[in-house]
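Structural overview for review
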Amino acid sequence: MPLKFFMATCFWNLVGAGVFGFLINPPIVLYYSQGLNTTPIHAHAALYGVYGSLAIALMLFALREITPDHAWDEKNLNFSFWWINIGLVVMMVFGLIPNGFYQLVQSINHGTWYARSAAVISSPWMQWTVWLRIPGDIIFTVGAMMLIYCFGRAVVGIFQQPTQAPLPEVELTKTV
């Protein structure tokens with residue numbers, strides 16, 4: 001499981017920090033998109049995708065070494081991995097990306113002042129895309145809750161195991 005989260009870190013580093021980071025950072029794009037909803041696309045994918053996945057991978061790597069086998073829940077951790085990452089993809093594809101690009105198009109066509117105005121922010125399209133983000137948030141949350149459950153189960157398992165291995169019993173026999 002730690003390796004899966006390390007691989008997710010690599011994926012989100014390419015997509016979130018790489019593609020979406022480059023999307024918002026060239027000077028011509030910054031001229032039109034400064035302070036628009038294109039920034040949260042990069043922020044969500046890079047901040048959770050890279051640093052969140054890396055933190056979870058490191059936590060699981062260390063936790064696996066001290067967790068007894070009976071308390072390590074690989075099946076539910078796998079469930080958590082997929083639901084967290086699919087939730088992030090759904091959140092971005094249905095909410096953040098359409099929202100950010102709509103606002104970017106408004107900025108290019110009418111100016112940044114208009115793209116940040118109440119006419120755009122409270123438009124039906126923007127309101128619709130905010131609601132479209134919610135299924136991704138729910139999927140992500142279910143995965144995060146499963147991760148918390150697995151973490152709790154592992155910690156309880158750690159504290160239930162003996163702190164020292166029992167000493168081997170030595171048979172005292174006298175040989176002549």
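Cut-off values and rules
- Residues numbered from 1 in each chain as written.
- Predicted model: local features only at pLDDT ≥ 70, side-chain atom pairs only at ≥ 80, totals over all residues.
- Heavy atoms only, no water.
- Helix = DSSP H or I, 4+ residues; strand = E, 2+ residues; numbered from the N terminus.
- Contact = heavy atoms within 4.5 Å.
- Areas by Shrake-Rupley, 256 points an atom, 1.4 Å probe, with all protein chains shown as cover.
- 1 Å grid on protein atoms, 1.4 Å probe; cavity = no way out; pocket = protein on both sides within 12 Å on 5 of 7 lines; lining within 4 Å.
- Points joined across faces, edges and corners; volume = space filled by probe spheres on them.
- Core = buried A, V, L, I, M, F, W, Y, C linked by side-chain atoms within 4.5 Å.
- Buried < 20%, exposed > 50% of the residue type's maximum accessible area, 1.4 Å probe, protein only.
- Axes fitted to C-alpha atoms, helices over the stretch in contact; angles between N-to-C directions.
- Parallel < 35°, antiparallel > 145°, perpendicular 65-115°, else oblique.
- Left-handed = near helix turned anticlockwise from the far one by under 90°.
- Nonpolar A, V, L, I, M, F, W, Y, C, P; charged D, E, K, R; others polar.
- pLDDT = per-residue confidence, 0-100.
- Phe/Tyr/Trp six-rings, centres within 6.5 Å; stacked < 30°, edge-to-face > 60°.

**Some words on the overall build of the protein**
Along the backbone of the protein there are 8 helices and 0 strands. Mapped from its N terminus to its C terminus, the protein presents α and β elements in the order α-α-α-α-α-α-α-α. A sequence separation of at least 24 residues applies to 82% of the contacts in the protein between residues at least 6 apart. By element, 72% of the accessible surface of the protein is carried by carbon and sulfur atoms, the whole surface being about 10900 Å².

**Considering empty space enclosed by the protein**
Sizing a probe to match a water molecule and rolling it over the atoms shows the empty space that remains. As enumerated under the stated definition, the model contains 1 cavity of 30 Å³ or more in all. Considered as a void within the structure, the largest cavity measures approximately 50 Å³ in volume. Lining the largest cavity, in full, are Met59, Leu60, Leu63, Ala71, Trp72, Asp73, Leu77, Leu147, Cys150, Phe151 and Ala154. Where the lining of the largest cavity is concerned, the elements lending two or more residues are helix H3 (39–66) and helix H8 (134–160). Here the element with the most residues in the lining of the largest cavity is H8; it accounts for 4 residues.

**A few points about the nonpolar core**
In this structure, Phe5, Trp12, Tyr48, Leu60, Leu77, Leu88 and Met92 are the most contacted members of the largest nonpolar core, which totals 27 residues. Counting only elements with at least two residues in this core, the list comes to helix H1 (2–24), H3, helix H4 (74–110) and H8. Element by element, the count of residues in this core is highest for H3, at 8 residues. Discounting chain neighbours no more than four positions away, the residues touching Leu88 are Trp12, His44, Tyr48, Gly49 and Phe140.

**So, the packing of H3 against H8**
Running from amino to carboxyl end, H3 crosses H8 at an angle of 20°, the nearest separation of the two axes being 10 Å. When the axes of H3 and H8 are compared, the pair comes out roughly parallel. The handedness of the crossing between H3 and H8 comes out as left-handed. For the pair formed by H3 and H8, the contact residues are Tyr48, Ile56, Met59, Leu63 and Ile66 on the first element and Phe140, Leu147, Phe151, Ala154 and Ile158 on the second. Of the residues belonging to the contact of H3 with H8, the class tally is 10 nonpolar, no polar and no charged.

**Topic: the confidence of the model for the protein**
Do not read the predicted coordinates in detail wherever pLDDT is low. The predicted model of the protein has a mean per-residue pLDDT of 86, with 87% of residues at 70 or higher. The secondary structure element of the protein with the lowest average pLDDT is helix H2 (residues 27–33), at 65, and the one with the highest is H8, at 94.

**Section: the packing of aromatic side chains**
With the rule as written, the count across this model stands at 7 aromatic pairs. Ring centres 5.8 Å apart and planes at 70° place the aromatic pair Trp113 and Tyr114 in the edge-to-face group. For Tyr114, a relative accessible area of 24% puts it in the partly exposed group. Put simply, the rings of Phe5, Phe81 and Trp82 touch in pairs and so form one group of aromatic residues.

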